[in-house]
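A look at the structure
Next come the chains, spelled out residue by residue.
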Amino acid sequence: MRSRGATLTLLPLAVAALLVAGFVLTPNLRVPNATTPHPTLVVLGAAQYAGKPSPAFQRRLDHALTLYRAGDVQRVVVTGGRRAGDPYTEGGVGTAYLERRGVPAGNLIAEERSRTTVQNLQNARAALPPHTPLTLVTDEAHAPRALALARAIGLDANVSASPLSPQVDRSYLLREKLALVAYALIGIRL
């Protein structure tokens, strides 16, 4: 027979497990989009394939282009490095994509060393004047975690999220939720 103390010890763990399960199983979290973007956008990297943006990356870049063309944005930082053996970086591919669509090269910065969201944010911050307010451009699923990480490292940031694909991979949504839980509970920064 289990002692009453053992049951009370397991109760907080059971409650925490239920909360985490509920969070993971609920619909996607969303952060509100900024009504007006800051003059500097940071487009968070996503995959590129042989020098062309992946569909997810292209949605982010197209969203940044729309914000730029609206007139309030003066500078766009596109982040993301390369995988081993790949001749292209996400930052380079993204800035070339935006330049071909009319954004002047002088308004673009390619951050080409990062492989994680935290590195994207840290390296973007290093490429800009201190205390530059930023609007993060990423997708709706990534936005809550990206904004939390940006604020945790001291960035003055808001977000303008691009829509997700109608055929979004459910494993991506789950991964983003689990990464947000890991960050919230134990501070893991990916």
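These numbers were taken from a predicted model, which means no experiment stands behind them. (Residues numbered from 1 in each chain as written. Predicted model: local features only at pLDDT ≥ 70, side-chain atom pairs only at ≥ 80, totals over all residues. Heavy atoms only, no water.)

Considerations on the overall build of the chain
A tally of helices and strands in the chain yields six helices and seven strands. Starting at the N terminus, the α and β elements of the chain follow one another as α-β-β-β-α-β-α-β-α-β-α-β-α. For the chain, buried positions account for 43% of its 190 residues. Partitioning the contacts of the chain with sequence separation of at least 6, the portion at a separation of at least 24 is 67%. With the model as given, the accessible surface of the chain reaches about 10300 Å², and the carbon-plus-sulfur share is 59%. (Helix = DSSP H or I, 4+ residues; strand = E, 2+ residues; numbered from the N terminus. Buried < 20%, exposed > 50% of the residue type's maximum accessible area, 1.4 Å probe, protein only. Contact = heavy atoms within 4.5 Å. Areas by Shrake-Rupley, 256 points an atom, 1.4 Å probe, with all protein chains shown as cover.)

So, the pairing of strand β1 (residues 40–43)
Here β1 shows two buried faces, one formed by T40 and V42 and the other by L41 and V43. Note: β1 against strand β4 (residues 75–79), four bridges, orientation parallel. Opposite V42, over in β4, you have V77 as the bridge partner. In this structure, β1 lies alongside strand β6 (residues 134–137), joined through four bridges in parallel fashion. Considered in β6, the bridge of V43 is made with V137. (Pairing = 2+ DSSP bridges.)

Quick word on the pattern of salt bridges
Under the counting rule described, the total for this entry stands at two salt bridges. Among the ionic pairs, E90 bridges to R115, the shortest N-O distance being 3.6 Å. With a gap of 25 residues between them, E90 in helix α3 (residues 90–100) and R115 in the loop between β5 (108–111) and α4 (117–126) connect regions that are remote in the sequence. (Salt bridge = Lys/Arg side-chain N within 4 Å of Asp/Glu carboxyl O.)

Some remarks on the packing of aromatic side chains
Given two aromatic rings, their pairing is described by the distance between the two centres and the angle made by the two planes. By the definition in use, this model includes zero aromatic pairs. In this structure, R101 packs its charged tip against the face of Y97, placed 3.6 Å from the ring centre. (Phe/Tyr/Trp six-rings, centres within 6.5 Å; stacked < 30°, edge-to-face > 60°. Lys NZ or Arg CZ within 6 Å of the ring centre and 35° of its normal.)

Focus on α3
The set of residues buried in α3 consists of E90, G91, V93, G94, T95, Y97 and L98. Packing partners of the buried residues in α3 comprise β2 (48–49), β3 (52–53), α2 (55–69), β4 and β5. At the C-terminal side of α3, G102 shows a positive phi close to 105°.

Some details on the sheet that holds β5
The strand order β5-β4-β1-β6-β7 describes an open sheet built from five strands, whose pairing is parallel. Edge positions in the sheet fall to β5 and β7 (157–159), since each of these pairs with one other strand and no more. Averaged over all pairs of adjacent strands, the angle between strand axes in this sheet comes to 25°, irrespective of strand direction. Two strands pair when backbone bridges link them, and β4 and β5 are joined in this way by four bridges, in the parallel orientation. By the bridge assignment, V77 is partnered in β5 with I109. Running at roughly 175° to β1, α2 makes contact with β1, β4 and β6 of the sheet. (Axes fitted to C-alpha atoms, helices over the stretch in contact; angles between N-to-C directions.)

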